[in-house]
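In case you want the letters, here they are:
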Amino acid sequence: MADSAGLQFVSSFAFEAMQKVDVVRLAALSDPELRLLLPCLVRMALCAPADQSHTWAQDKKLILRLLSGVEAVNSIVALLSVDFHALEQDARKEQQFRNKGGGSNGESFLVSQLQHGLTLEFEHSDPLRRLRLTLSELLVIMNKVTDSNGEFFLKSSELFESPVYLEEVADVLCILQAELPFLLPIVDVAEALLHVRNGDWFMCLLVANVPDSFNEVCRGLIKNGERQDEESVGGRHRTEALRQLCLMNPSQALNIRAMVVEECHLPGLGVALTLDYKPDAPDEAVSPLVSYVSGLLLGTNSKVRTWFSMFIRNGQQSKRESSSVLWQMRRQLLLELVAILPRSRSTRVPNNGKIDDEGSSGYSGLREEHVVKASALLRLYCALMGIASLRPTDEEAEQLLQLMTSRPPATPAGVRFVSLSFCKLLAFPTLVSTPEQEQLMVMWLSWMIKEEEYFESAAGVSASFGEMLLLVAMYFHSNQLSSIIELVCSTLGMKVKWSHAVRVAVTNNLSANISGFLPIHCIYQLLRSRAFTKHKVSIKDWIYRQLCETTTPIHTQLIPLIDAYINSILTPASKANPEATNQPITEQEILRVFQSSAGVRGRQRYSITTQLLILYYILSYEENLLASTKQLALMKRKPKSYSAALMDQIPIKYLVTQAQGLQQELGGLHSALLRLLATNYPHLCLVEDWVCEEEVTGTLPLLRRMMLPFIARRYTQNQLHQAFQKLPSSSPRLMRILEYLTLLSPGDLIPYAEALTASMSLLLQPAVPRRLIQTLNKLWMGLNTVMPRRLWVMTVNALQPSATLQQQQTCTQNDLMIDPLIVLRCDQRVYRCPPLMDIVLHMLNGYLLASKAYLQSHLKETADFERQSQTVSSVTGSGQLDTPEVTREELKNALLAAQDSAAVQILLELCLPTSDEQQSGGSSESLWRSNWGSMLKTPKPTSLSPSACMGVEDAEPQGGLLSDLREVQCLICCLLHQMFIADPNIAKLIHFQGYPQALLPLTVAGIPSIHICLDFIPELLAQPQLEKQIFAIQLLSHLCTQYALPKSLSVARLAISVMGTLLTVLSRAKRYSFFMPTLPCLVAFCQAFPPLYDDVAALLVQVGQVCASDVATKARDVDPFIARLQNLQEKPEEGPVPGASSKLVLPQKTKEDLGGADPDVQLCYCIEATFVDIISSTLHGL
């Protein structure tokens, strides 16, 4: 955008005045500067302000005084007098016209055919036509930008290029955007201006007149920008425009630079803004450019590092290097480097090779105030050359060598500088290109070794240059440059012994408070370079000892150390030697850490940090082992996995709960543990557990324990056990013990867990108070927050039937994960004990999730090894190898579906009342009659009513809604609701399998998510089995009553159509079996959707005609049935008399009147009864 170089941009002073509406500063502007801001000032003076204060009134007067002497104000006032609503309507019509492809012939709703050029038309036009001309041209550019798919173009436009009318066009542009903000979003306008000449100038004027949009415009331009701006013309245009915007508002330059890094777009802009940035108080130690580039390349964000490295690599290949931002950055860095050099000196050395003293020629000391800056520059050049592959020029290499061989003062910063110089020398040997330079480096190394003791005593630090030589030798080894390692070691008189690293003492109480180079840094680098495995050195014991010597706050190098160690266990150092791996930590060593775990009083031998790190190691190891099965199978390696018995002894949930309260001190360890748990142990991450945990360990329980008086007497596990054994006579004493236990924290409850669970079955005895069982439920939920897996196993074994307990058949954790339905094989009395049933359902949900994770890991663990064995033993084509894998996956999914469906079917069966409950009046019908019966207020049916057809008595049984069965049904419905939401396929499978029709009112009313059945009822209706079609229609009738939605209406219409179709194809016996249970459903259809009355009436008449015709062929006839049906269909309102009872009562029909057990006769009268019920329910609703 060099075309706008001669134009005057808005100054930072003027922009700040506009941003703050500082009238005094505005008055100080020159006429040319004020001219650029006229659109905003004129609108500010003419529009009614929201601020009615006296201060603003005075400021407005000053603004009017400023504008009074400017001639261009009149033309802007004329622009504001236009009908912008009509203009917007024409603009939208033109947009629609162009989107339809009709804009190619030059027609326009905004401007007619131009007689002259665009510039002359603009000159001779009135304000309205000027607005239309500019708006039409701008819309053309914006549409072209939308259709370009990111490809840059430069639109030639007289209107935006003529220097005579630039200010007038800018006025029109600002007024258009201000008055039509929805038609012309400022971000889209700014994007369009990039594609015209002088676009950056127009953009700055537009933003200056709407100063609040600065950040919005900049963010939009950055988001739409290129990842590498130096490679394209569009990227350079965008960078230059944003650079001009930041020059106009320099206070936001660093925020715009942060947006660049966040989006990983326009790296050249970030460098350019850093070069333009002039801090008020410059940092003498490190410049902004060094800090910015170092942060990008040496930061933790790998995405940002890769993005900026690509900018460096591409910039070196550019042909316009002398004018690029990269070249400016390199030039600035070189200037900063030269500025801190002691003095200009040559890298040549005397022929004799001897070194003079400090004051001899060729050597000079680095000033103390420049040491920190020199270290930062060395680190930056290391990053540029090592990460971004920067190729230094001869001048840069020369100056770097001069800086590296400078002798710093004996301070801690000087020690750091020498270490960096030494590392850079060995990491980038190409800097030394001549024999003279090589000899100079050897002399400098000799000086470093000679002065080590002096630096250590003078600086007061431990300057271990010998260990630094070992560390850098490791860097060489990571590149497999063994010959260079030997050469360097022999030159320096050192021999690298990798086994020495194992004998280095671990850091006691390692935490983030200990800074500097530590043994863990060296071990970590050696692990990454695979030095230990290459040289067959075992590092397991050192890592285990260091993990045991940790405390909070956790050191940042511990998690990367564990990750690198796990990688070295599973991945060999080379394909040629697959056995070159480290040994994992043994199970005995892991158990030793958790011997003093949760619930054991007294001082723990190992800290919580150690236990959490070991837990992270185990979970991460298992996850990486599963992820590496394919590679391990190819190498015919199968590392040993940790046993399930070991995992059962680790209090995983307790440790994660402890970590939750130490998140700030543990860094990212807590989030990493949660990620591993969600993947490998989903049953420990149930939402209900987290909610329950807040109730148990939150603020309110803590306050309750503090406020309530604590009982001085402590009850033992033996006393608790004895109180359970003497039930029900010991109920008061047991209640006191349980109330005492509720005051304890979940961790303190762990010793009582076995006594609580072992005696659960005793609470099922008659006459046990409900409060005892509810308190036990509360204690169980508290224990579930700290020891869920062990607690679940003990509870399942305790609730087994008495016959099973006598046979001593105890279940293990592995048994329950393989077959979760074991949970439901408990004592039958549990099914009518809501507090214990709540526990059973919680365990069932957890084990279903655990079974999914177990089968998935088992499949992944074994599939690759079996497939590898098939590959070795078979020579068939590659296309046949995937078949067993697909089959295994399908079998796994089928098994999981069978488990889930079996669990749901068992739970639904438990919702049915037993024979004893039915005899005692606790029929399940009473449990849903409040929901279902209130919606169907039908008269008491006769012997042939729809209710009688379904075989359900209408009499309201005794018992009410408050019962154990009702509570159990609610708990089961809640669990089924969660399961259906988690996997809608379960709901589909269950309803395709079917369940008792008596449960439909309960499931529809009690499971909110059952409305998803509307999606697959059409598919269920299409099944060939008559039973499934009947079940689908009965389910749909309840759903229509519960969810009277448009979708329900369409499915109901489909069901009526299917019933009509089946009437024509079913035999006489099947017709009776199908329509007797489904005809009553038509009552619900009509009640939910009155528009279906005609379709239902026609269907009933059709069914009646078919049945009556069959009856008419016999010897004896029946009543004029069809005539009555047609009369009811045509004149249903004539049934009841106004003011009389709305009930229609059919005459009682005896068995003889019905023709014995003739199905057609029964069906005829059931049809008539259905008709009467529909009419009665409709009139009752009115």
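Residues numbered from 1 in each chain as written. Predicted model: local features only at pLDDT ≥ 70, side-chain atom pairs only at ≥ 80, totals over all residues. Heavy atoms only, no water.

Quick reminder of the rule: UniProt positions are given in the numbering used here, feature names are shortened, and annotations may be inferred rather than shown by experiment.
For the protein chain, the name recorded in an unreviewed UniProt entry is Integrator complex subunit 2, with Nothobranchius furzeri as its organism. Checking UniProt for the protein chain, the heading Subcellular location (unreviewed entry) contains the comment "Nucleus". As stated in UniProt under Sequence similarities (unreviewed entry), the record for the protein chain gives "Belongs to the Integrator subunit 2 family."

**Observations concerning the overall build of the protein chain**
Applicable threshold: Helix and strand assignments follow DSSP, with helices taken as H or I runs no shorter than four residues and strands as E runs no shorter than two, numbered in order from the N terminus. A simple rule labels every residue: compare its accessible area, found with a 1.4 Å probe on the protein chains alone, to the largest value its type can have, and call it buried under 20%, exposed over 50%, or partly exposed in between. By definition in these notes, contact holds between two residues if any of their heavy atoms fall within 4.5 Å. Accessible areas in this description were obtained via Shrake-Rupley with a 1.4 Å probe; residue shielding takes into account the shown protein chains only.
In terms of regular secondary structure, the protein chain is built from 65 helices and zero strands. Every one of the 1182 residues in the protein chain was classed for burial, and the buried ones make up 51%. Contacts in the protein chain between residues far apart in sequence, at least 24 positions, make up 75% of those at least 6 positions apart. By element, 53% of the accessible surface of the protein chain is carried by carbon and sulfur atoms, the whole surface being about 55000 Å².

**Topic: helix α31 (residues 540–548)**
When you tally the buried positions in α31, you get seven out of nine residues, the bulk of the element. Here α31 has its buried residues at Lys540, Trp542, Ile543, Tyr544, Gln546, Leu547 and Cys548.

**Re the packing of aromatic side chains**
The line we're drawing: Only rings of Phe, Tyr and Trp enter the pairing, Trp through its six-membered ring, and a pair is recorded when the two centres are within 6.5 Å. The plane angle decides the type: under 30 degrees is stacked, over 60 is edge-to-face, the rest tilted. A ring has a charge above it when a Lys NZ or an Arg CZ is no more than 6 Å from the ring centre and no more than 35 degrees off the ring normal.
Tallied over the entire structure, the rule returns 14 aromatic pairs. One Lys or Arg, arginine 130, reaches over the ring of phenylalanine 122 and ends 4.5 Å from the middle of that ring.

**As for the pattern of salt bridges**
Rules: We define a salt bridge as a side-chain nitrogen of Lys or Arg found within 4 Å of a carboxyl oxygen belonging to Asp or Glu.
Tallying each qualifying case throughout the model produces 29 salt bridges. Residue lysine 852 pairs with aspartate 900 through a salt bridge whose shortest N-O separation is 3.2 Å. In this pair, lysine 852 sits in helix α50 (residues 834–873) while aspartate 900 sits in helix α51 (residues 882–910), placing the two residues 48 residues apart along the sequence. Here lysine 852 falls in the partly exposed class, since its relative accessible area comes to 29%. For aspartate 1015, the salt bridge identified is with lysine 1047, shortest N-O distance 1.8 Å. Of this pair, aspartate 1015 sits in the loop between α57 (1000–1006) and α58 (1017–1021) while lysine 1047 sits in helix α60 (residues 1046–1065); the two residues are 32 residues apart in sequence, bridging distant segments of the chain. The class for lysine 1047 is partly exposed, based on a relative accessible area of 40%. One continuous salt-bridge network, built from bridges that share partners, spans Glu16, Lys20, Asp22 and Arg25.

**Brief notes about the packing of helix α29 (residues 519–528) against helix α32 (residues 558–570)**
Operational definition: The axes are straight lines fitted to the C-alpha atoms, using for helices just the contacting stretch, and the angles between their N-to-C directions are given from 0 to 180°. Throughout this description, any angle smaller than 35 degrees is read as roughly parallel, any larger than 145 degrees as roughly antiparallel, any in the 65 to 115 degree range as roughly perpendicular, and the remainder as oblique. Whether a crossing is left-handed or right-handed is set by the direction in which the near helix is turned from the far one by less than a right angle, anticlockwise for left-handed and clockwise for right-handed. Each residue gets one of three labels, nonpolar for Ala, Val, Leu, Ile, Met, Phe, Trp, Tyr, Cys and Pro, charged for Asp, Glu, Lys and Arg, and polar for the others, Gly among them.
Two elements in contact, α29 and α32, have axes separated by 9 Å at closest approach and are oriented at 30°. The orientation of α29 with respect to α32, classified from their angle, is roughly parallel. Every pair of crossing elements has a handedness; the one defined by α29 and α32 is left-handed. In this structure, α29 uses Ile520, Ile523, Tyr524, Leu527 and Arg528 to contact α32, whose residues at the interface are Leu558, Pro560, Leu561, Ala564, Tyr565 and Ser568. A class-by-class count of the residues in the contact of α29 with α32 yields nine nonpolar, one polar and one charged.

**Quick look at the packing of helix α9 (residues 127–147) against helix α11 (residues 166–179)**
Where α9 meets α11, the axes come as close as 10 Å, and the angle between the chain directions of the two elements is 80°. It follows that α9 is roughly perpendicular to α11 by the angle criterion. Across the interface between the two elements, Arg130, Leu131, Thr134, Leu135 and Leu138 of α9 pack against Glu168, Val172, Leu173 and Leu176 of α11. Each residue belonging to the contact of α9 with α11 can be placed in one class, and the counts come to six nonpolar, one polar and two charged.

**Description of the nonpolar core**
For clarity, the threshold we go by: As used in this record, nonpolar core signifies buried Ala, Val, Leu, Ile, Met, Phe, Trp, Tyr and Cys residues forming a set joined through side-chain atoms within 4.5 Å.
Core analysis: the largest hydrophobic core is formed by 197 residues, its most contacted members being Ile590, Tyr617, Leu720, Leu741, Leu756, Leu907 and Phe1085. In this structure, tyrosine 617 is in contact with Ile562, Tyr565, Ile566, Ile569, Pro584, Ile585, Ile590 and Tyr642, ignoring residues within four places of it in sequence. Counting 144 residues, the second largest nonpolar core, distinct from the first, contains Val111, Phe214, Ala374 and Leu378.

**Looking at helix α7 (residues 84–99)**
For an α-helix, 3.6 residues make a turn, and residues three or four places apart therefore share a direction. The condition that has to hold: What a helix is expected to span follows from its residue count: subtract one and scale by 1.5 Å. Note: the arc covers the axis-to-C-beta directions of the helix. Definition of a polar contact: a pair of N or O atoms within 3.5 Å, with one able to donate and the other able to accept a hydrogen when the atoms are protein atoms, and with sequence-neighbouring residues admitted only if both atoms are side-chain atoms.
Taking 1.5 Å of rise per residue, the 16 residues of α7 would be expected to cover 22 Å, and the 22 Å separating its terminal C-alpha atoms lies within 8% of that figure. Buried residues of α7: Phe84, Leu87, Glu88, Asp90, Ala91, Glu94 and Gln95, and no others. Looking straight down α7, one finds its buried side chains confined to an arc of 165°; they lie on one side. Across α7 from its buried face, at more than 90 degrees, point the exposed residues His85 and Gln96. Of the surrounding secondary structure, the elements contacted by the buried residues of α7 are α6 (72–80), α9 and α11. The backbone nitrogen of histidine 85 lies 3.2 Å from a side-chain oxygen of the residue at the head of α7, namely aspartate 83.

**Things to note about the environment of cysteine 833**
With respect to the helices and strands, the residue cysteine 833 is situated in the loop between α49 (813–818) and α50. The residues touching cysteine 833, leaving out its near neighbours within four places in the chain, are Leu764 and Ile773.

**What to know about unusual backbone geometry**
A cis amide bond links threonine 552 to the next residue, proline 553, at an omega of -5°. Take proline 553: it is sitting in the loop between α31 and α32. The backbone of leucine 266 sits at a positive phi, close to 55°, despite the residue not being glycine. Within the element layout of this structure, leucine 266 appears in the loop between α16 (253–263) and α17 (267–276). Take leucine 266: its relative accessible area is 0%, and that puts it in the buried class.

**Description of the environment of valine 73**
Checked against the element boundaries, valine 73 lands in helix α6. Classification of valine 73 as buried rests on a relative accessible area of 9%. Considered as a pair, valine 73 and valine 42 are 31 residues apart in the sequence and their alpha carbons are 7.0 Å apart. Ignoring any residue separated from it by four or fewer positions in sequence, one finds valine 73 in contact with Leu38, Val42 and Leu67.

**Some remarks on the state of the cysteines**
Which entries qualify depends on this criterion: We call a pair of cysteine sulfur atoms a disulfide when they lie within 2.5 Å.
Evaluation of the coordinates by the stated rule reveals zero disulfides. Residue cysteine 174 stays outside any disulfide, its sulfur separated by 8.8 Å from that of cysteine 40, the closest cysteine. A relative accessible area of 5% places cysteine 174 in the buried class. Cysteine 970 provides the cysteine sulfur closest to cysteine 974, a residue in no disulfide bond, and the two sulfurs are 6.8 Å apart.

**Overview of the side chain of arginine 832**
Topologically, arginine 832 is positioned in the loop between α49 and α50. The exposure class of arginine 832 is buried, given its relative accessible area of 19%. What arginine 832 contacts, discounting residues up to four positions off in sequence, is Leu910, Leu912, Pro913, Thr914, Glu917, Asp964, Leu965 and Val968.

**Considering the side chain of histidine 670**
Counting through the fold element by element, histidine 670 comes out in helix α39 (residues 669–680). Those residues in contact with histidine 670 that sit more than four places away from it in its chain are Val656, Ala659, Gln660 and Gln663.

**Digging into the environment of valine 904**
With respect to the helices and strands, valine 904 occurs in helix α51. Spatially, the C-alpha atom of valine 904 lies 9.3 Å from that of leucine 975, the residues being 71 residues apart in sequence. When residues no more than four places from it in sequence are discounted, the contact partners of valine 904 are Leu976, Met979, Ile986 and Ile990.

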